[in-house]
Amino acid sequence: MKYLICFLILFLVSGVGSFDLVIDEIPDEVENLIDLEINGFPSSSKTRNGRYQRSTSDWGYVGDLVEDDDKIGLYSYKVQSTITSRLANTMVQAKMVNNAKRSQHIVFDVQVPKGAFIDNFTMDINGITFTSKIREKSEARKMYSQAKAKGKAAGIVRSNALDMENFKTEVNVPPGMRIQFELHYHEMIRRKLSSYEHVISVKPGRLAKHMEVDVRIIEPQGLRYVHVPNSLGDHFDGITTISKGEKKAHVSFKPTMAQQRKCPTCSSTAVDGNFVVQYDVNRETTGGELEIFNGYFIHFFAPENLDPLPKNILFVIDVSGSMWGLKMKQTIEAMKAILSELRAADQFSLIDFNHNVRCWRDNLVSATPAQVEDAKKYIQTIHPNGGTNINEALLRATFILNEAQNLGMLDPNSVSMIVLVSDGDPTVGELKLTTIQKNVKQSIKDEFSLFCLGIGFDVDYDFLQRIATDNRGMAQRIFGNQETSAQMKNFYNQVSTPLLKKIQFNYPQESVSDVTQSSFHNYFGGSEIVVAGKVDTENLQHLESIVTATAANAELVMETLRDVEELDGFMKKDRYADPEFTKKLWAYLTVNQMLAERNTAPTAALKRNITKSILQMSLDHHIVTPFTAMLIENAEKDEIMLADQPKDPRRGCCPGTLGLTPNAPNNNKGIPAWANDTIAPASLPEQRSPPTSSLSINRVDNDPHFIIHLPKSQRNICFNINSEPGKILNLVSDPGTGVVVNGQLIGAKKTENKKLNTYFGKIGFYFKNKGLKVEITTETITLKDGSYGITLTWSDTGHIIRKQLLISVMKESNVTVTVGEEMSFMVLLHRVWKNHPVNVDFLGIYIPPENQFSPAAHGLIGQFASEPEVYIHHQRPGQAPEKPQATMEVKGNKLTVTRGLQKDYRTDRVLGTDVQCWFVHNSGKGFIDGHYKDYLVPHLYSFLKKP
C-alpha cells in the first residue's frame, strides 16, 4: 500500500529523488511581525488585516537551543501515537526557530510508513495557521494554479521517488521567526511472525531541547506482551520506559539533550532511526475476536495451535547478469537457509532463469534430507549472466504444479505456491508486462499462489505487486545490501507455515452491510485476517459470525457471538482510545480492497467505476489516495499550497492490498441458512444430540457418579468409583466398532472429611477404524489424526469435521462428539471459582443408550449396552426416611441398594436436575462385572484387556 503516502511527499536522500513542498514566499504580514518579538517570538495574539495569529506562549522559555552553523534551533520534536485495536493514529510535531540574521529554508522531513493514510497537516508561522483539506486531484490542481496565477504564496510537489516515503516540507523563514509543523497519519498495524510491530521514524536531524516519543496501546482483547527492541542503538539503553496493564500499555522515550548527543561534546544528535514497539494480544477463541462499536464491526482472526498444512513450493530465481555480486551471494545464502526449513511433508523444486530457463528437477520432489542437500549444492553452482525471461520462467513453474496436480501427486489438503525472486524487468522473451500478467493468470487458474520478491530499485515493483495480488499472493521489496539474506528469510517465514485454506467468513445478511473481503485462500501462522463491515446496532443485540476453513485433515466451523454494546463501557472510559477506530479500520480495508480490485479490473469501464468509489471514500474520510491531493491554505484561503503526486511511470497508480483473495472458494459446510444459500454437502455427518430426557442417558458426572439408565426396566442405577488422581478408567471398550472412551481422574485441592474427592479432568476417545483420537480437558478440545492435530478451546463455539466425525463445541458449556448415525457422546464442562479452596474444574460425560455398540462392548458403561436383568424387591425403610433401601438381584448377585437422588447437569450446569436412582455401594460391586480396578487402563486411548 505504498501508494497511500506517495501522493505528498516522499523524499529520498542520496540522490534517489524527493517530493518537496516549498513555500516560495512569505506574506508581507508575517515579515512585519518581526518588530513585535520578545526573545525572538511574538508576545501575544495579534490580528493583522483580519488574520488571527495564534499565541505561541505555550512554547515556554526557548533559550538554550543548540544550533548548527545555520542558526536554526529545534525547540521540540514530539511524536505521539495511540494504537486502538491495531489502528495507530500518529502525530509528529516539530517546533523550530530561525535565529540567523537572514531568511533561510527550514525543512520538516518525516518518514511515513508504507501503507499509512496521511489525514491532516498544519503549519503555524508566528501565529498564522495553515490547515489542510482533501480535494479531488484535478480540482486541487486548478485551485492551486489560480492561486499561483494571482501571485499568492504557493507550493509544488516534485517527484521521481521509487519506494521510500517521506513527507518533506521546506519553508523560507525570515530571521527570528518560529514555525511549528504538525503531521497526522493513521495505519492498520498488521501481524507478522506472531507480532504486531509499530515503526515510527525518528530523525529530527538536530538536537532538540524537548524530545519525546509517546506510544499508548489500547487492546480490548488484552495484551500478551509489549517489547521495545533497542532499534535506535545502545546509546539509548535504559531510557525507554514501559508501563503495561491487562489491556493498556504506555511506552515513553524522553532523552534529555545531553543523552541525545553523539558524544559529550558533540553538537549533533544520535537520534536517527526507527523507534519500534512490538506486541501481541491474547486470543481466547479460535473463531476470532469480534469488536463492535459505533455502527461498525471488526473481526480479527488469528487461530493458533493448528498443525501446518503440507506445501508444494517452487522457487523461481533470477540469475541474470544484473544479479551478479552481492545480490547473488546473499540470495544463495538465504535459499540454503530456506531449504533447510522445509518440512518432511513438503514437496519442492527449483527453477533458475536468465535468457534461458533451467530446472533443478522437472517435477516436485519430497523435502528429504538428501534432496534438500542436493538442491543446496545446485544453488551453490549458479553463476549470473545473460538477460531476464520472467514470462517463460513463471509458465514453467505453473506447468510443473499443474502437471503434479493432474497426476494426483498433490495432497488435497496441501497448499501450492510459487516464490519468484528477481531484480529487474523482463529483457528476453515476452516483454509486455500486461501480457505476462495475463499469461500467468491463465496458467495458474486460481489454483496456486504467487509470491514475489523484488530486489533493489531496478525492478518494476508495481508489476510484481499486481501479478502477485492477481494470483492470491503478495510482494515485497528486498533492498539489495548486506541484509538481503535476512530480508528474504524473513519474508519466507511469513508464508512458510500455512495453517488453513479456503477460509470463509459469514455474517447475517440482514444485520450487516458493506462487508470487506470475506473469502481468503490461505491463512499463514503468525499472521492475522481482518474483516470489517457496518452493523445495524439499533435493531440487533448480538452479532454472530461463522468461519469455515480447511485445516490439516479436517474441516473447521467456528462460531463467535458478541453483544453489540460489549465495548461501549470500555471505550467510553478510556480518554486515549480513538472512538472512530472501527470506522477508520473499515475505511482503511475498503479503500485498499478497491485499489487492489482496480489493479486487476478487466475492463476500462469497471476501472473507472472503481476509481469513482475510491475518490468518494477518500473525500468522505479525509485521506489522501492516488486520486486526491491535499490543499494547505490559510484561514483567508488566499495563500494555497498543493500536496500532490505527479504520476511516476515507474510506480503506476495504485498497487493492491497484499495477500487478499477476492475469489477464494466458498466453504459452506455446517453454515446456517443466513450465511449461505447452498445446502451443506450430503457427506457432512448430521449432529445427533443426545436425548435431553433425564431418563434416557448413561452418564458419569461429579465425583465420578455413574448413572446407568436401563431402558427395558425403566430404572436408573447409580454407583460411585473411589480411585486415585491420575488413574485412567475405561468407560467404553468396543473392539467390534473400534471405539474406546476413557477418563483420567484428577483430585480436589485438599481432602474433606478425610476423603479426597476425584473427578474426570481428561476424557479420551479413540476411533480405531478412522484412526482418530479426541482428547478433551478442562482447557482444550483436540482432534488427532496421525501426526496432525487441531485444537479448540472452551472459549470457542465451533465444529471440527473429519472422516464423518463431527466435534461440536458450545462455548464454556459442552462438547458433542458424533460418529455418523451410529453414536454420539456429550462431555460437559464444570467451572468452579478459580480461587476455591477445595474444588477444581472437571468434566462429565453423557452417553445415550441408543448408541450402536457391538455385542463385544464392555467397560464401566459399555457393558450395559446389553441390558442385564434387574429385579428389585423387599423395599424397606433406610437409615434416613427419605432414603429407603431394597434388595436388588442382578448378574446372580443379591445387593442392598439405597434409593436416592443424583444430579443431571445437562439442562442446568449450576444446580443440576434431580434424578432418582437406586444406589449400589462399594464402587458398584456386584452390579459391574468384577472389581472397579479391573477397569483401570495404562493410557488414555487403551482398549480394556479381556479378563
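Just so we're clear, the structure is a prediction, and the values are computed from it rather than from any experiment. Sequence positions are assigned chain by chain, starting from 1 and proceeding in written order. Whole-chain, interface and lining totals are the exception, using all residues; otherwise, since this is a predicted model, local features are given only for residues with pLDDT of at least 70 and side-chain atom pairs are given and counted only at 80 or more. Just so you know, side-chain values use all the structure's heavy atoms and leave hydrogens and water out.

### A look at unusual backbone geometry
Across the chain, the bulk of peptide bonds are trans and the bulk of non-glycine residues have phi less than zero.
In step 1: One non-glycine residue, Asn 294, adopts positive backbone phi at about 55°.
In step 2: Mapped onto the fold, Asn 294 is located in the loop between strand E22 (289-293) and strand E23 (296-301).
In step 3: Given the relative accessible area of 51%, Asn 294 is considered exposed.
In step 4: Located in the positive-phi region is Arg 472, a residue other than glycine, with phi close to 60°. Runs of H or I in DSSP of at least four residues are treated as helices and runs of E of at least two as strands, each being numbered from the N terminus. Throughout, exposure labels follow a simple rule: accessible area from a 1.4 Å probe, protein chains only, divided by the maximum for the residue type, with under 20% read as buried, over 50% as exposed, and the rest as partly exposed.

### What to know about the sheet that holds strand E15 (residues 191-192)
In step 1: Strand order in the open sheet made by the four strands is E15-E16-E21-E18, with antiparallel pairing throughout. On the outer flanks of this sheet lie E15 and strand E18 (223-227), each paired with one strand and no other.
In step 2: By the bridge criterion, four bridges tie E18 to strand E21 (residues 273-281) in an arrangement that is antiparallel. Its bridge partner lying in E21, Tyr 225 is registered against Asp 280. Two strands form a pair only when DSSP identifies at least two bridges running between them.

### Quick word on the packing of aromatic side chains
In step 1: Aromatic contacts are taken between Phe, Tyr and Trp rings whose centres are within 6.5 Å, Trp giving its six-membered ring; a plane angle under 30 degrees counts as stacked, one over 60 as edge-to-face, and the others as tilted. Applying the stated criterion across every chain, the model contains 25 aromatic pairs.
In step 2: Geometrically, the ring pair formed by Tyr 296 and Trp 586 is tilted, given 5.5 Å between the ring centres and 45° between the ring planes. You can see Tyr 296 sitting in strand E23 and its partner Trp 586 sitting in helix H12 (residues 581-599), a full 290 residues away along the chain. You'll find Tyr 296 and Trp 586 in the same group, each marked buried.
In step 3: Ring centres of Tyr 766 and Phe 943 lie 6.0 Å apart, and the angle between their planes is 65°; on these two criteria the pair is classed as edge-to-face. Residue Tyr 766 is found in strand E44 (residues 758-767), and its partner Phe 943 is found in the segment after helix H14 (921-924); the two are separated by 177 residues along the sequence.
In step 4: A relative accessible area of 18% places Tyr 766 in the buried class.

### Notes on the state of the cysteines
In step 1: Two cysteine sulfurs form what is called a disulfide whenever their separation falls within 2.5 Å. Inspection of every chain in the model, using the stated rule, returns two disulfides.
In step 2: Disulfide pairing places Cys 263 opposite Cys 266 at an S-S distance of 1.8 Å. One disulfide, between Cys 263 and Cys 266, carries an S-S torsion of 95° and so falls in the right-handed class.
In step 3: Assessed through its relative accessible area of 25%, Cys 263 is described here as partly exposed.

### Topic: the packing of helix H5 (residues 326-340) against helix H6 (residues 369-380)
In step 1: Angular values range over 0 to 180 degrees, each being the angle between N-to-C directions of two axes fitted as lines to C-alpha atoms, with helices fitted over their stretch in contact. Relative to each other, H5 and H6 sit at 175°, their axes nearing to 10 Å. One finds that H5 runs roughly antiparallel with respect to H6. Listed contacts from H6 to Ile 332, Met 335, Lys 336, Leu 339 and Ser 340 of H5 are Val 372, Ala 375, Lys 376, Ile 379 and Gln 380.
In step 2: Partitioning the contact of H5 with H6 into residue classes produces six nonpolar, two polar and two charged. Relative orientations are named as follows: roughly parallel for angles under 35 degrees, roughly antiparallel for angles over 145 degrees, roughly perpendicular for angles from 65 to 115 degrees, and oblique for any other angle. The contact definition used throughout considers only heavy atoms, calling two residues in contact when any of these lie within 4.5 Å. For this classification, Asp, Glu, Lys and Arg are treated as charged, while Ala, Val, Leu, Ile, Met, Phe, Trp, Tyr, Cys and Pro are nonpolar and the rest, including Gly, are polar.

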